[in-house]
Amino acid sequence: MILITGGRGAVATHLTTLLHHDGLPVRLGSTRPEGLTPPAGVPTIRLDLTDPATFPTALTGITTVFLYASPDRVTDFIDHARRAGVTHIVLLSSSSVLGPDPDNDPLAKSHLDVERALLASSITTTILRPGSFASNASAWAWPIKAGRPVSLPFPAAHNDPIHEKDVAEAAHAVLTDPRHHGGRFTLTGPESLTFTQQIDQLAAVTGRPVTIHHVTREEWKQEMADYISATYADALLNWWESHDGKPATLTRTVEELTGHPARPFTTWATEHIADFTTDFTTL
């Protein structure tokens, strides 16, 4: 039995479907399992990775776990998993841990802490380290729908947008093929794109003109103050600034694991076109 954590996430949703299609027994965990709509026959269970009281029941009968990185009670989770008989954990981490100073980077530290805890355990651990998710572009949906400019402090910053389905298919590969167990895999999209290039591709896909408002760091922080803490905002800004005008390093790991090239950003944009075009009057 495979336990999938973070059941409401896009990666978990796609991964559950893939494993179920293979006929493999899957249990889907979430803090709010009543809101899940898994494939018929897939059981759901309450699992809060910050609440050890939910661990024993969720882990009963489980041998393999797909784990979202949550550092708060990770050692408790590992202890419960080991006692339950779990032999393999696939961790969804982040390529930010490969940065120059991850211990002092709030974006990387939480992932790094989980990686270290798992690697110090006796459970075989496979690590997936995706870069920037294509779905990060969803943050621009509101201004694009409203016909307003997208505020960007570093419009020439590069990233490597990866489709959540590619991450799920890579996870499926490492879960089901013993040759990959214990590996470390850095996942990227197929091309390095600046934020400006992503905006241009969204404009082409949606058929809507999209402009960019080049703001300062402080202006962007003020705009996002209700949504992102100052600590994480500074970490994001530092990351973008370090990639300003510098193409991202790409890998072919998605293709090597799944047998097909990583999906381009335009594929994600086309699949999510309604997110950027639905009129407010129809919401």
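Asker: Before we move on, can you summarise empty space enclosed by the protein with the specific residues and values?
Answerer: Scanning the entire structure with this criterion turns up one cavity of 30 Å³ or more. Considering only enclosed or pocket space, the largest cavity measures out at about 40 Å³ in volume. Every residue lining the largest cavity is listed: Leu-49, Leu-67, Tyr-68, Ala-69, Ser-70, Arg-73, Val-74 and Phe-77. Those elements that place two or more of their residues in the lining of the largest cavity are strand E4 (64-68) and helix H3 (74-84). When grouped by side-chain class, the residues that make up the lining of the largest cavity number six nonpolar, one polar and one charged.

Asker: Mind laying out the packing of H3 against helix H4 (residues 106-119), listing which residues take part and the relevant values?
Answerer: Two quantities define a packed helix pair, namely the angle between the axes and the distance from one axis to the other. Running from amino to carboxyl end, H3 crosses H4 at an angle of 30°, the nearest separation of the two axes being 10 Å. It follows that H3 is roughly parallel to H4 by the angle criterion. Like other packed secondary-structure pairs, H3 and H4 cross with a definite hand, here right-handed. Two secondary-structure elements touch here, H3 through Val-74, Thr-75 and Ile-78 and H4 through Val-114, Ala-117 and Leu-118. Along the lines of polarity and charge, the residues of the contact of H3 with H4 split into five nonpolar, one polar and no charged.

Asker: Outline the nonpolar core, listing residues and values.
Answerer: Ile-4, Leu-15, Phe-66, Leu-128 and Leu-187 are the most contacted members of the largest nonpolar core, which has 28 residues in total. Breaking this core down by element, the ones donating at least two residues are strand E1 (2-4), helix H1 (10-21), strand E2 (26-30), strand E5 (88-92), helix H6 (164-176), strand E9 (184-187) and helix H10 (253-258). If you tally residues by element for this core, the top one is H6, at seven residues. When residues no more than four places from it in sequence are discounted, the contact partners of Leu-15 are Ile-4, Phe-66, Ala-168, Ala-171, His-172 and Leu-175. Judged by nonpolar contacts, the second largest core, of 24 residues, contains Ala-137, Ala-141, Leu-152 and Phe-265.

Asker: Give me the lowdown on the environment of Val-42, citing residues and values where you can.
Answerer: Position of Val-42 among the secondary structure elements: in the loop between E2 and strand E3 (44-46). You can call Val-42 buried: its relative accessible area is 9%. Each residue touching Val-42, except ones within four places of it in the same chain, is listed here: Thr-16, His-20, Val-26 and Leu-28.

Asker: I'd like to hear about the sheet that holds E3, residue by residue, with values.
Answerer: Strand order in the open sheet made by the seven strands is E3-E2-E1-E4-E5-E6-E9, with parallel pairing throughout. Sheet topology places E3 and E9 at the edges, where each strand pairs with a single neighbour. This sheet shows a mean twist of 20° between the axes of neighbouring strands, independent of strand direction. Pairing between E1 and E2: three bridges, direction parallel. Residue pairing across strands places Ile-2 opposite Val-26, the latter belonging to E2. Contacting E4, E5, strand E6 (124-130) and E9, H6 crosses the sheet at an angle of about 160° to E6.

Asker: Can you break down the pattern of salt bridges residue by residue, with the values?
Answerer: Side chains bearing opposite charge may pair, as long as their charged atoms lie close to each other. In this structure the tally under the stated criterion is 14 salt bridges. A salt bridge links Arg-129 to Glu-115, with the nearest nitrogen and oxygen atoms 2.7 Å apart. On the criterion of sequence distance, the pair formed by Arg-129 in strand E6 and Glu-115 in helix H4 is long-range, its members being 14 residues apart. Taken individually, Arg-129 and Glu-115 each receive the classification buried, so the pair is uniform in this respect. As a salt-bridge pair, Glu-255 and Arg-252 come within 3.2 Å of each other at their nearest N and O atoms. Put simply, Arg-217, Lys-221, Asp-234 and Glu-241 are held in one network by salt bridges that share partners.

What counts and how
- Each chain has its residues counted from 1, running along the sequence as written.
- Under the rules for a predicted model, residues below a pLDDT of 70 receive no local features and side-chain atom pairs below 80 are neither given nor counted, while totals for whole chains, interfaces and linings still include all residues.
- The side-chain figures draw on all heavy atoms in the structure; neither hydrogens nor water molecules are used.
- Here a cavity is any set of points on a 1 Å grid over the protein atoms alone where a 1.4 Å probe fits but cannot get out, and a pocket is any open set with protein on both sides within 12 Å along at least 5 of 7 lines; a residue lines the site when it has an atom within 4 Å of a point.
- Grid points are joined across faces, edges and corners, and a volume is the space filled by probe spheres set on the points.
- Put simply, DSSP marks the helices as runs of H or I at least four residues long and the strands as runs of E at least two long, and each gets a number from the N terminus on.
- Ten residues, namely Ala, Val, Leu, Ile, Met, Phe, Trp, Tyr, Cys and Pro, are considered nonpolar, four, namely Asp, Glu, Lys and Arg, are considered charged, and the remaining ones, Gly among them, are considered polar.
- Each axis is a line fitted through C-alpha atoms, and for a helix only the stretch in contact is used; angles between axes span 0 to 180 degrees, taken between their N-to-C directions.
- Angle categories: roughly parallel below 35 degrees, roughly antiparallel above 145, roughly perpendicular from 65 to 115, and oblique for all the rest.
- A clockwise turn of the near helix away from the far one marks a right-handed crossing, whereas an anticlockwise turn of less than a right angle marks a left-handed crossing.
- We call two residues in contact whenever any of their non-hydrogen atoms come within 4.5 Å of each other.
- Definition of nonpolar core: a set of buried residues of the types Ala, Val, Leu, Ile, Met, Phe, Trp, Tyr and Cys, connected through side-chain atoms within 4.5 Å.
- The buried label applies to any residue whose accessible area, calculated with a 1.4 Å probe on protein chains only, is under 20% of its type's maximum; exposed applies above 50%, and partly exposed to all values in between.
- The rule for pairing is simple: two strands pair if DSSP sees at least two bridges between them.
- When a carboxyl oxygen of Asp or Glu lies within 4 Å of a side-chain nitrogen of Lys or Arg, that pair is called a salt bridge.

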